[in-house]
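Secondary and tertiary structure notes
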Amino acid sequence: MTSTNQTTPPISSFWNDTGKTGITSWIFSTDHKRIGFLYFYSVFSFFLIAVALGVLLRIELIAPGRTIMGPQTYNAVFTVHGVLMIFLFIIPGFPGAFGNLVMPLQIGARDVAFPRLNLFSWWLYIFGAGIIIASLFTGGGPPDTGWTFYVPFAERTTTNVSLAVFGVFTVGFSSILTGLNFVTTIHRLRAPGMTWGRLPLFVWSIYATAWIQVLATPILGITLALIIAERFLGTGLFDPARGGDPLMYQHLFWIYSHPAVYIMILPGMGIISEIIPVFARKPIFGYKMIAFSSLAIAGAGSLVWGHHMFTSGMSDTAILVFSFLTFVVAIPSAIKVFNWVSTLYLGSISLEVPMLFSLSFILLFSIGGLSGLILGAAATDIHVHDTMFVVGHFHYVIFGGAVFALFGAMHYWLPKFYGRRYAEKPAVIAWALMFVGFNITYFTMMVLGMEGMPRRYYDYLPEFARLNLISTIGSWILVGGLALMLVNLFRGLFRGEPIGRNPWGAATLEWTIPTPPPTENFEEEPVVTHGPYDFKGAGIP
Amino acid sequence: MTEGNSEHATHIISYGKLASVWLALLFLTWLTVRVARHNVGIGHVWGSLTIAVVKAGLVIAFFMHMKYEGRLLRCLLFFALSVLAIFIGFTFFDVLYR
Amino acid sequence: MSGPPHKDYAGAKLGMWIFLFTELLLFGGLFLLYAVYLTRYPREFTAAGREMHLVLGTLNTAILITGSYFAAMAVTAIQRDERRRAVGLMEGAVLTAAVFLFNKYLEWSAEIGHGIYPDSPRLVAGPPGESVFFSLYYLTVGLHGLHVLIGGTFLTVVAIRVQRGTIHAGNYVLLENGALYWHLVDLIWIFIFPLYYLIL
């Protein structure tokens, strides 16, 4: 195969084979691949903005006292950082981007069950994002409540809570419709021979995620609607003076927001389950248990929301129940980790970049998960609740976990869609910088939390200064690595070396079609005769 | 002609059966009002809810055709309702024991 | 795999049912709050319940049940290729939606006139449990009313399409899904009715 470095792929593919060009052929497209890219670039833009906000937060915290912003601004910045990351990047991003791009291909389908609804989901997302952005610059200014919008402050603050919350509501509706679409797609559109037992584990994870989107997000919807009702109508449902109970807000909020973190992590785990067998040249160990554990995480994860409320004044009975169940939900995650490691054992491991991200995922997610147990044990939680320990915990699982998995997916799958690949060495260096920078940034936070530094605090005691300085420097290394990664990746996708159909030697269906894929996906409906990690059965050495 | 709806034998519910269900629902409505008015106090909430569940069951089974649908839809409905029950039930671990 | 994607009747129905689940969960949040506050304020809820308009509420219950009946009959009608009857039944269902909403308007006008509305001076001054009851009432019934409006609109669109012949015995999944949505509206009211009108 020739190795030319032309700037545009001359091959006919979904990028150009419909005959339509221009922006309208994209923003009104019902092709799951185009919609996947619409999501990918939208969510990634918000990710980068939120990263910038995070960098600003760390600059403010580099030393005690005021550095670059005042306390009100600080409150707004961490609120917006959280809202963007959670509601405009991670939650919509995994299903919306890689779910859309890859899942239909992996089940051998032509598209999703409801392509127009899929497009509508993206438009709702954009509309909601627009409302959230508008809320930052209008009215009383950006919300300062934290992304959790706790009452009573969320009811009383004069900042633009109602508009922001309405934007989140809209984005939530988008998430619900995507979940509905994906559940139906996976039930109805699997190719002949694609039994449930042959589904790629990424599809299993998207399936479990879709159910959480469908069943948990409506509770968020009603909770957000209630905030607006409280602010505008004075319904007083969370106001003790009017007979309300502020804890009921917390229950309703976390009934969604805890399962939501599994929306954030399950697809990432699915990605790891795809990458590891390919780069260890070994079928996945314990396929059934990994598939089952995805469902178990979704299910058990819906039972533990009270662990965010141990210090809120909840009953001791509830504390006991939720703490116990939190330990239970760790088990299926551990099953996955054991199975991934067992897959590596005696495998023929090649440490290319997708594998590096996957291996670091296992480490970082495990650290984050274990710190979650410290939080989940009610007694120890009392010491670390609402401290920087929590901030460290969730950045380990979401950033070190889900987002690293996303970076792995970007290196693994995007070349298939662009037909070109990135340069390996800069990618490895970028990964290494991010890995080192990440740990410096966030491990220090866990120590700070243990030592007593609260979260969401604009200022801190002098004894926390040294670790804060180290954490901030870590954030610069992290962001430097991120920048290098992005420059290298996108330069490669647009101008790098062309790749063939199956550069990684994987056995799932998306690698059987041309690179980049045509709009139709499959020339003929595939008939599946082997499992997703059965390299021999797929005829791959 | 699309294979749309005609590719399988869709069960058609007769007007007569639908009318019976409608009458049953109206009767149950009358019953639940009567029970409430003659049993004052909070104890009858469970009674009212039981009748409501029966009414809902009739609507779901016959008006919404669930009786004639496959196992998948029935399981999924049960699953969704269980999730809601758990959300409410677990909240009561807090509310009842403060 | 060229050509238009084939229509998947079972898939369309599955999708609609999943959407109904989301609606159940949406209202579920409000029912959760009701359950909690009923446990906390049984006497105030009973007292507040006695101020509700039982006649209008019962009437509305019967009206929605009837609308549901019409919608279910419309599905049978289209399956039997009885187009005119199907259109008539859909129109009847839409009419029940309109009557329901009109009754609601009457009811709310009366209640607001009596100083019963969220954050009203009367409720703020009264027992807290009563204020909670009526806040939940307005939110739940209001959200339900919004769904009656949406459902009525959906049914109207379907009726027009049946009239035009784009929905017919060979392809009526849209009518069936519209009817399913309408039944959901009925179902939610079946629970709202005893919880708000029969707490006596």
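To start, this report covers the structure provided alongside it. Since the model is a prediction, treat every value here as computed from it, not as a measurement.

Structural notes on the interface of chain A and chain B
- Taken together, the contact between chain A and chain B spans 14 residues of the former and 10 residues of the latter.
- Mapped onto the side of chain A that touches chain B, the elements with two or more residues apiece are helix H7 (201-233), helix H8 (246-280) and helix H10 (316-344) of chain A.
- Among the elements that line the side of chain A that touches chain B, the one with the most residues is H10(A), at 4 residues.
- Looking at the side of chain A that touches chain B residue by residue, the class counts come to 8 nonpolar, 5 polar and 1 charged.

Quick notes on the nonpolar core
- Among the nonpolar cores identified, the biggest contains 281 residues, and C:Ala74, C:Met90 and C:Ala93 are the most heavily contacted of them.
- When residues are assigned to domains, this core turns out to be shared by domain 1 (13-64) and domain 2 (70-98) of chain B, each giving three or more.
- Apart from the residues lying within four places of it in its own chain, the contact partners of C:Ala74 are C:Ala86, C:Leu89, C:Met90, C:Ala93, C:Leu175 and C:Ala179.

Things to note about helix H11 (residues 353-376) of chain A
- Along its 24 residues, H11(A) runs 33 Å from first to last C-alpha, staying within 8% of the 34 Å computed at 1.5 Å per residue.
- With respect to burial, H11(A) is a largely interior element, 18 of its 24 residues being buried.

Considerations on unusual backbone geometry
Residue and element names in this part refer to chain A.
- The peptide bond linking Val-151 to Pro-152 adopts the cis configuration, its omega dihedral lying at 0°.
- For Pro-152, the position within the fold is in the loop between helix H4 (115-137) and helix H5 (153-156).
- Here the bond from Thr-515 into Pro-516 is cis, since omega is -15°, no more than 30 degrees from zero.
- Among the structural elements, Pro-516 can be located in the segment after strand S2 (497-498).
- Although it is not a glycine, Leu-346 sits at a positive phi angle of roughly 65°.
- Structurally, the position occupied by Leu-346 is in the loop between H10 and H11.
- Taking the C-beta count within 10 Å as the criterion, Leu-346 has 9 such neighbours and is therefore assigned exposed.

A short note on the packing of helix H3 (residues 54-79) of chain C against helix H7 (residues 173-197) of chain C
Residue and element names in this part refer to chain C.
- Two elements in contact, H3 and H7, have axes whose closest approach is 9 Å; the angle formed by their N-to-C orientations is 160°. When the axes of H3 and H7 are compared, the pair comes out roughly antiparallel. Crossing hand, H3 versus H7: left-handed. Between H3 and H7, the contacting residues are Leu-54, Gly-57, Thr-61, Leu-64, Ile-65, Gly-67, Ser-68, Ala-71, Ala-72, Ala-74, Val-75 and Ile-78 on the first element and Leu-175, Glu-176, Ala-179, Trp-182, His-183, Val-185, Asp-186, Trp-189, Phe-193 and Tyr-197 on the second.

So, how was this worked out
Residues numbered from 1 in each chain as written. Chains lettered and ligands numbered in written order. Predicted model: local features only at pLDDT ≥ 70, side-chain atom pairs only at ≥ 80, totals over all residues. Contact = placed C-beta atoms within 7 Å. Helix = DSSP H or I, 4+ residues; strand = E, 2+ residues; numbered from the N terminus. Nonpolar A, V, L, I, M, F, W, Y, C, P; charged D, E, K, R; others polar. Core = buried A, V, L, I, M, F, W, Y, C linked by C-beta atoms within 7 Å. Buried ≥ 20, exposed ≤ 12 C-beta atoms within 10 Å, placed from the backbone. Domains from an automatic or database assignment. Expected span 1.5 Å × (residues − 1). Axes fitted to C-alpha atoms, helices over the stretch in contact; angles between N-to-C directions. Parallel < 35°, antiparallel > 145°, perpendicular 65-115°, else oblique. Left-handed = near helix turned anticlockwise from the far one by under 90°.

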